[in-house]
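Descriptive structure summary
Take a look at the letters that make up each chain.
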Amino acid sequence: MALRPVQVNIKALDHSAVGRFWGEALGWGAHSPGVTTYTGPAGGTVWPEPVGVGIDVVPVPEPKTTAKNRVHLDLATTSAAHQAELIARLQELGATPAHVGQGDVPWTVLADPEGNEFCVLEPREIYRDTGPIAAVVVDCADPRAMARFWGEAMDWTLHEVTDDQAVLRSAKSVGPYLEFLRTPGVQTVPDRIHLDLLPYPGDDKAAEVARLRALGATDLDLGQGDVPWTCLADPEGHEFCVLAPSH
C-alpha cells in the first residue's frame, strides 16, 4: 500500500482571487465547484491530474501571518529570457517581491496576492521536464527524518538524501519534485500550504491512515468536523490530508 500526492492545498481568504492568480500563473484551468481546483495539462474533468500535482485553493477565515510559510512552490523556467518574462507576467497578475533572507541568488522570490511566498527559478537542467511547477519545497529541521517518513508514506522515489536536503519524485519521473530543505530556526506555524494525498483505487483509506500513524504521523484537529478526508501532521508537524478515493 502507498499514497500519491495529488494536489497542493492553499488556504486563502479570497479563494477565487488566489485561485485565478495560480491558474493564470501556471496556464491551468479550474474544474471543481465549491473550491478553486486547478489541474495541469490534462485539463477537463480529469482528477487526479495523471502527470503532475494540481492546486486546490480553499477558503478560510484567517489571513496569512507574517511568518514565512514552511511550504512553497518553485516555478521552472527554460531560459534567462523566460525567467524574466515570467517574473514580469506574474507581477502583472498581482505577485509582489518577497524578502525571506535570500540574499544575492539567481532565483527571484515573489508572493501571491495573499502573501504566500514562491520562487521563480533560473533555468536548471533537472527541472526541464517537470512542467510549470519545478518543486514543492518544505522547510524542515531534519531532511533525513523527513525522507524516512515521506519515503514510506508515498510511492514516490527518493532521489537524494543528505543532512541538508531530501528529494523525492514520482516513480514515473513526471511532474514536480518534493524537496525537504534543512532550515535552521524553522517556525512551527499553522500551515497555509500543504499536500493532499490520495489512496490508489481499491486501497483502504482507513488502513492507509493507520499505516501513517504507525510511521509517526499524528492526528490534527483543524476544526474540520465530520469530513471525508483525514488531517494529519508528519513527525515535524507539517500538516497534510489523506483524501477519500471519492473526493
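Just so you know, these numbers come straight off a predicted model, no measurement behind them.

Okay, the nonpolar core next. If you look at soluble globular proteins, the nonpolar side chains tend to sit buried side by side. Counting residues in each nonpolar core, the largest one holds 48 residues, and the members touching the most others are Trp22, Ile55, Leu90 and Phe118. Formed by twelve residues, the second largest nonpolar core is a distinct cluster that contains Ala76, Ala98, Ala111 and Val167.

Moving on: the sheet that holds strand 9 (residues 133-140). The strand order across the open sheet built from eight strands is 6-7-8-5-9-12-11-10, with neighbouring strands paired in mixed fashion. Across the chains shown, the open sheet's two edge strands, defined by having one partner strand only, are strand 6 (96-97) and strand 10 (157-161). Where strand 6 lies against strand 7 (residues 108-111), two bridges are found, and the strand directions are antiparallel. Along strand 7, the bridge assignment pairs Pro97 with Leu110. Here helix 2 (residues 80-93) sits on the sheet in contact with strand 5 (71-75), strand 6, strand 7 and strand 8 (117-120), set at roughly 150° to strand 8.

It is worth spelling out unusual backbone geometry at this point. Not every positive phi belongs to a glycine, and Ser173 is a case in point at roughly 55°. If you trace the backbone, Ser173 turns up in the loop between strand 11 (165-169) and strand 12 (177-182).

Definitions and cut-offs
- Residues numbered from 1 in each chain as written.
- Predicted model: local features only at pLDDT ≥ 70, side-chain atom pairs only at ≥ 80, totals over all residues.
- Heavy atoms only, no water.
- Core = buried A, V, L, I, M, F, W, Y, C linked by side-chain atoms within 4.5 Å.
- Buried < 20%, exposed > 50% of the residue type's maximum accessible area, 1.4 Å probe, protein only.
- Pairing = 2+ DSSP bridges.
- Helix = DSSP H or I, 4+ residues; strand = E, 2+ residues; numbered from the N terminus.
- Contact = heavy atoms within 4.5 Å.
- Axes fitted to C-alpha atoms, helices over the stretch in contact; angles between N-to-C directions.

Limitation: the analysis is restricted to geometry and does not speak to function.
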